[in-house]
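Residue-level structural notes
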Amino acid sequence: MKDVILRHDGSFDGFLSAVFTAYERKLIKSDIRLRITNTNAPADLFARSFELTTDPEKAQRVWRRLHALWGAEGVRYFLKGALYDCTERDTVLLGVIRHSIANAPRSVFTDYAHDDILTLSQWVKSVQREMHRMKAFVRFAKAADGIYCAPVAPDFDVLPLIAPFFARRYADQRWLIADMRRQYAVYYDLTSTTLLALDELAIQGWEQQNVDAEEPFYQRLWQDYFRATNIAERANRRLHIQHMPLRYWRYLTEKQHAPKPITTEKK
Amino acid sequence: MINHDRLQNKLTILADAAKYDVSCSSSGGKRDNKGGLGNASKSGICHTYTEDGRCVSLLKILLSNHCIYDCAYCVSRSSNDVERAAFTVEEVVALTINFYRRNYIEGLFLSSGIFKNPDHTMSRMILIAKKLREEENFHGYIHLKTIPKAAPELIREAGLYADRLSINMEIPTPSGLAKLAPEKDHQDMIAPMKTVRDEIVALKDMRKTIKSTPKFAPAGQSTQLIVGATAETDRQIIDVANNCYKKLQLKRVYYSGYVPVLEDSRLPAIGTAVPQVREHRLYQADWLMRFYGFQADEILDRQSPFLDLDIDPKLAWALRHRHQFPIHIQYAPLEMILRVPGIGSKSAHKIVAARRNERLTLEHIRKMGAAVNRAKYFIITNEHNPHLHQLDDLDLKQRLATGSHSKYKQALSGQMPLFT
Ligand code: SF4
C-alpha cells in the first residue's frame, strides 16, 4: 500500500485541480492510499507528497463533471459539506467523488453505509445547523442612519448561504451582518446584497456609527423580556447551554449583563 | 409617543404572566413577504432559550392580566393579589415590530385575561393583529389565543389575520375543570375549536375553486393541557389529545407540568416539584401518535393508565410486544423499523435508503445515528447478533432502563422520591 498526498493552495479550485491530477495520474487505485489536503496540513514523513499549483482550467473541468453527475441540488449539498472545516475534509470529499464516479449514473448521496458518504451527510447536517443557528442568533442594532447592524462569529462560513433569507425577511430595512471571525460583512441596501471586507467598512466609518436613540431602550426591553419569561421552578442550565452554546453569547443582546444605559437624547 | 418606563414595567408584568403557556412554536406558517416586513419560516426559528431550556420564538405576552374570572390554576385570576397592567394597542404593535426588526422574535403570541367581557377582549386582540398586517405591512407570525365564550364571528375574524389560533383546554377532564374553573366548562373550549376547524376546512375547499379566498389560520390550531394539577391519568390525557388530533384536527397539543405558584386547597401545595419527567413522557407519547404511526390505545394498556417514568413509551411498547420482534433490518417495512427502540425517524429513513445498496450491519446503523445499545436486542442484521438471546430476558427492562435515562438522570434524581 502506497501513501500519496496531493497538496494544494487551500482554495476550492486548488482542491478541484488536485482531483483532476489524481485521475490524470491514475492515482485512484486500490493499492494507493490517496489523500488531498491543503499546504497547511501537518506533514506525513512516510507518505510521498506532491505540491500542486492551482489550475482554474482543470478545476472547471472537474466542476462541470460533478455538475453533470449530481445536478444543481446535489452540487449544493456537496458544497454545504465542503464548508465543514477540518483536516480530513478534502480526503473525504475525494472519497465521495470517487464513489459517485464509480457508481454513475446512480445517485449515491443516500449510501449511508459508505463511510465518506455518511461523513459528508454529517457535515452537511452540522453546516445546516450552523445556518439555522445563525438565522436565530443574529441580533441587529439600529444605527443612527437607520441601518440595522449585527456582528456574528459562526463556526463555518455560512453567511453567504443565509443572506438571501435575511434579504427576504427584512426586505424593507437596510441591514449589515458582519462575520467577525472571517472579517467580512454582507450588506443589504433594499435591492441587493453585497460582500464587503471589514477593513473597507472601517474606512467608511461603520465602527463610529452612533446607535439610534431608541436602540438602548429596545435592547433593555429584550433583556427584561428574556428574564421575565424564565420559570425559576424549572431551571435547567444544562439544557439552556445545550441549546445555546456559550460561544454564541458574546453577541447575544439578552446575554449582556450590563445593559447599556438608556439614553433619551435625540441626535 | 411611548412612555419608556411605563412600557418597561408593563412588559415585565405581562410577559411574566404569560410564561406558563408553553406553546411557542412558530412553525407551519407560510407567509410570503411582498416588499414589507417579515415572513414566516416553515420550520420556525427559536431565537433564544430561557434559562429553564425552553425555546423562545415569539413575543409571548398578555394584552392584560386583568381578569373577571377566577380559575384556580391561573396567576391572573381575579382573587389573586398581583400587580395588574394592560398594554395599549399601539404599545403591542411597537414592541412586535421593533423586536422583529432586531431579529429577536418570529412574531407575536398574544393572549389575555378577560377584561369587561369575552367579546370586548377578543375585539382588542383582533385590532392588534389587523393593525400589524394592514398598517405595518407585517408578514411575520401571529398566534392569537381565542378567548373562551367569544362570539363565533370574532373567532372567524381573528383567523383571517392570525397564523394560528389556540384555546387552552388546560384541565383535561370536565370534572377537573369544573372544580378548578367554575365559570368555564369544556364546551366553552370545544365549541370555538369546532368553529375554527370548520372554517379552515371550508376556506380550504373554497380556495380550490376561487384562488383569492383568504387564508384562515394557515398554521392551524393548538391547545395546552396542564398535567398534574388534578388527578387525571396519562391514559385520560392521551385520549383527550388523540381526540384533538383526530376529531378537531388540531396541529399540536402541548403539555405543561403544573408549576404550583398559588396557595389553594384544590391544588398541589406550593413547593411540590413540577412533574417534568411525566410531561416529557407525554410529549414522547404524542410524538409516537403523530410521527411513528402509533394508535392512542397502543401506548397505554387499559390496566396500566400511567406511562412508565423509567423508560420511554416506545421502549415500553416494545417490551410489552416482544413477540413482534426481532425484525430484520434489511427487509422489515419502514413502519416496523420506526418501532424499534433506539431507532429514531431520521435513522429509520436512512436505513431504508441505505439498505438498497448494502447489507447493513450494527456498525452501519450505529453510524447512521441509531442508539444501538438499545436497538441491538430487537433486530436481526447480516451478521451474528449475540444480544438477540436477551430479548426474552425478564430483566431486559432493567438493563435498558439503566442505560437509557442518563439524559434525564438529573431531572429524575430531583423527583424520584415523589414517584416511588
Ligand atoms: S379566564 Fe384565563 S386569564 Fe382569566 S383566570 Fe381563567 S385562565 Fe386566567
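A quick note: this is a predicted structure, and the numbers were derived from the prediction, not measured.

Procedures and definitions
Residues numbered from 1 in each chain as written. Chains lettered and ligands numbered in written order. Predicted model: local features only at pLDDT ≥ 70, side-chain atom pairs only at ≥ 80, totals over all residues. Heavy atoms only, no water. Helix = DSSP H or I, 4+ residues; strand = E, 2+ residues; numbered from the N terminus. Buried < 20%, exposed > 50% of the residue type's maximum accessible area, 1.4 Å probe, protein only. Contact = heavy atoms within 4.5 Å. Areas by Shrake-Rupley, 256 points an atom, 1.4 Å probe, with all protein chains shown as cover. Lys, Arg positive; Asp, Glu negative; His and termini not counted. Charge placed at Lys NZ, Arg CZ, Asp CG, Glu CD. Rg over C-alpha atoms; globule rule 2.2 N^0.38 Å. Buried area = accessible area lost by both parts, 1.4 Å probe. Salt bridge = Lys/Arg side-chain N within 4 Å of Asp/Glu carboxyl O. Polar contact = N/O pair within 3.5 Å; in protein donor to acceptor, adjacent residues only side chain to side chain. Nonpolar A, V, L, I, M, F, W, Y, C, P; charged D, E, K, R; others polar. Phe/Tyr/Trp six-rings, centres within 6.5 Å; stacked < 30°, edge-to-face > 60°. Axes fitted to C-alpha atoms, helices over the stretch in contact; angles between N-to-C directions. Parallel < 35°, antiparallel > 145°, perpendicular 65-115°, else oblique. Disulfide = S-S within 2.5 Å. Left-handed = near helix turned anticlockwise from the far one by under 90°. Pairing = 2+ DSSP bridges. pLDDT = per-residue confidence, 0-100.

1. Points about the overall build of chain B
- The helix and strand tally for chain B stands at 16 helices and 10 strands.
- Burial status across chain B gives 60% buried among its 420 residues.
- Within chain B, contacts between residues at least 6 apart in sequence are counted, and of these 67% link residues at least 24 apart.
- For chain B, the accessible surface area stands at approximately 17,300 Å², while carbon and sulfur atoms represent 53% of it.
- Of the charged side chains in chain B, 58 are positive and 46 negative, and the gap between their average positions amounts to 6 Å.

2. Quick notes on the overall build of chain A
- Along its length, chain A carries 8 helices and 8 strands.
- Relative to the globule expectation of 18 Å for 267 residues, the C-alpha radius of gyration of chain A, 23 Å, shows a markedly less compact shape.
- When contacts within chain A are restricted to residue pairs at least 6 apart in sequence, long-range pairs at least 24 apart make up 68% of them.
- About 13,500 Å² of surface is accessible on chain A, with carbon and sulfur atoms providing 51% of the total.
- In chain A, which carries 39 positive and 33 negative side-chain charges, the distance between the mean positions of the two groups comes to 5 Å.

3. Some details on the interface of chain B and chain A
- Contacts between the two partners involve 62 residues from chain B and, on the opposite side, 56 residues from chain A.
- The junction of chain B with chain A conceals about 5,300 Å² of combined surface from both sides, 53% of it contributed by carbon and sulfur atoms.
- Residue Lys367 of chain B is joined to Asp115 of chain A by a salt bridge in which the shortest nitrogen-to-oxygen separation is 2.6 Å.
- At the boundary of chain B with chain A, the tally comes to 35 residue pairs in polar contact (both at pLDDT 80 or more).
- Mapped by element, the contributors of at least two residues to the side of chain B that touches chain A are helix H1 (4-16), strand E1 (48-49), strand E3 (58-62), helix H2 (89-101), helix H8 (276-291), helix H12 (345-354) and helix H13 (362-367) of chain B.
- When residues of the side of chain B that touches chain A are assigned to their parent elements, the largest contribution, 7 residues, is made by H1 of chain B.
- For the side of chain B that touches chain A, a count of residues per class yields 26 nonpolar, 22 polar and 14 charged.

4. Quick word on the packing of aromatic side chains
All names here are of chain A.
- What the rule picks out here adds up to 28 aromatic pairs over all chains.
- Where Phe165 meets Phe166, the ring centres are 5.1 Å apart and the plane angle is 85°; that geometry is what we call edge-to-face.
- Since its relative accessible area comes to 7%, Phe165 is described here as buried.
- Arranged with centres 5.8 Å apart and planes meeting at 20°, the rings of Trp222 and Tyr225 form a pair that is stacked. Within this pair, Trp222 and its partner Tyr225 are both found in helix H7 (residues 215-228), separated by 3 residues, close to a single helical turn.
- We classify Trp222 as buried; its relative accessible area is 0%.

5. Digging into the side chain of Arg235 of chain B
All names here are of chain B.
- Within the secondary structure, Arg235 is located in helix H7 (residues 234-246).
- Among the residues examined, Arg235 registers a relative accessible area of 9% and is labelled buried.
- Polar contacts involving the side chain of Arg235 include one to the main-chain carbonyl oxygen of Leu300, which spans 2.8 Å.
- Ignoring sequence-local partners within four residues, the contact set of Arg235 consists of Ala296, Asp297, Leu300, Asp301, Arg302 and Pro305.

6. Remarks on the packing of helix H2 (residues 56-82) of chain A against helix H4 (residues 115-136) of chain A
All names here are of chain A.
- Packing of H2 against H4 leaves a shortest axis separation of 7 Å and a crossing angle of 80°. The angle between H2 and H4 places the two elements in the roughly perpendicular class. Across the interface between the two elements, Tyr77, Phe78, Lys80 and Gly81 from H2 touch Leu120, Ser121, Trp123, Val124, Val127, Gln128 and Met131 from H4.
- A class-by-class count of the residues in the contact of H2 with H4 yields 7 nonpolar, 3 polar and 1 charged.

7. Considering the state of the cysteines
All names here are of chain B.
- This structure, assessed with the given rule, holds 1 disulfide over all chains.
- Note that Cys46 is cross-linked by a disulfide to Cys55, the S-S spacing being 2.4 Å. Disulfide Cys46 to Cys55: torsion about the S-S bond roughly -100°, handedness left-handed.

8. Quick look at the packing of H2 of chain B against helix H3 (residues 118-134) of chain B
All names here are of chain B.
- The interhelical angle for the contact between H2 and H3, taken along N-to-C directions, is 45°, at an axis separation of 10 Å. Looking at the two axes, H2 sits oblique to H3. Regarding H2 and H3, the two cross each other, and that crossing is right-handed. Across the interface between the two elements, Val89, Glu90, Val92, Val93, Thr96 and Ile97 from H2 touch Arg124, Leu127, Ile128, Lys131 and Leu132 from H3.

9. Quick look at the sheet that holds strand E8 (residues 193-197) of chain A
All names here are of chain A.
- Pairing within the open sheet is mixed, and its 5 strands lie in the order E4-E5-E6-E7-E8. Among the strands making up the open sheet, the edge pair consists of strand E4 (141-142) and E8.
- In this sheet, strand E7 (residues 184-188) lies alongside strand E6 (residues 175-179) in antiparallel orientation, the contact comprising 5 bridges. Each residue of the ladder has a partner; that of Ala178, found in E7, is Ala185.

10. Examining the pattern of salt bridges
- This structure, assessed with the given rule, holds 38 salt bridges over all chains.
- Between Asp111 of chain A and Arg106 of chain A there is a salt bridge; the shortest N-O distance is 3.1 Å.
- Among the residues examined, Asp111 of chain A registers a relative accessible area of 5% and is labelled buried.
- Given the relative accessible area of 32%, Arg106 of chain A is considered partly exposed.
- Between Lys149 of chain B and Asp188 of chain B there is a salt bridge, and its shortest N-O distance comes to 3.8 Å.

11. Thoughts on the confidence of the model for chain B
Residue and element names in this part refer to chain B.
- In this model, chain B carries a mean pLDDT of 88, and residues with pLDDT of at least 70 account for 93%.
- Confidence drops under a pLDDT of 50 for residues 405-420, and excluding neighbours within four residues, the segment shows 18 contacts in the predicted structure.
- Model confidence for the complex is summarised by a pTM of 0.86, with the ipTM given as 0.87.

12. Topic: unusual backbone geometry
- Here Ala104 of chain A and Pro105 of chain A are connected by a cis peptide whose omega angle stands at 5°.
- Mapped onto the elements, Pro105 of chain A comes out in the loop between helix H3 (89-103) and H4.
- Note that the residue after Phe325 of chain B, namely Pro326 of chain B, is joined by a cis bond; omega there is -5°.
- Tracing the backbone through its elements, the reader meets Pro326 of chain B in the loop between helix H10 (313-320) and strand E9 (327-328).
- Unlike most non-glycine residues, Leu190 of chain A shows phi in positive territory, near 85°.
- Overall, Leu190 of chain A belongs to the partly exposed group, its relative accessible area being 42%.
- In this structure, Lys116 of chain B is a non-glycine residue whose phi angle is positive, near 60°.

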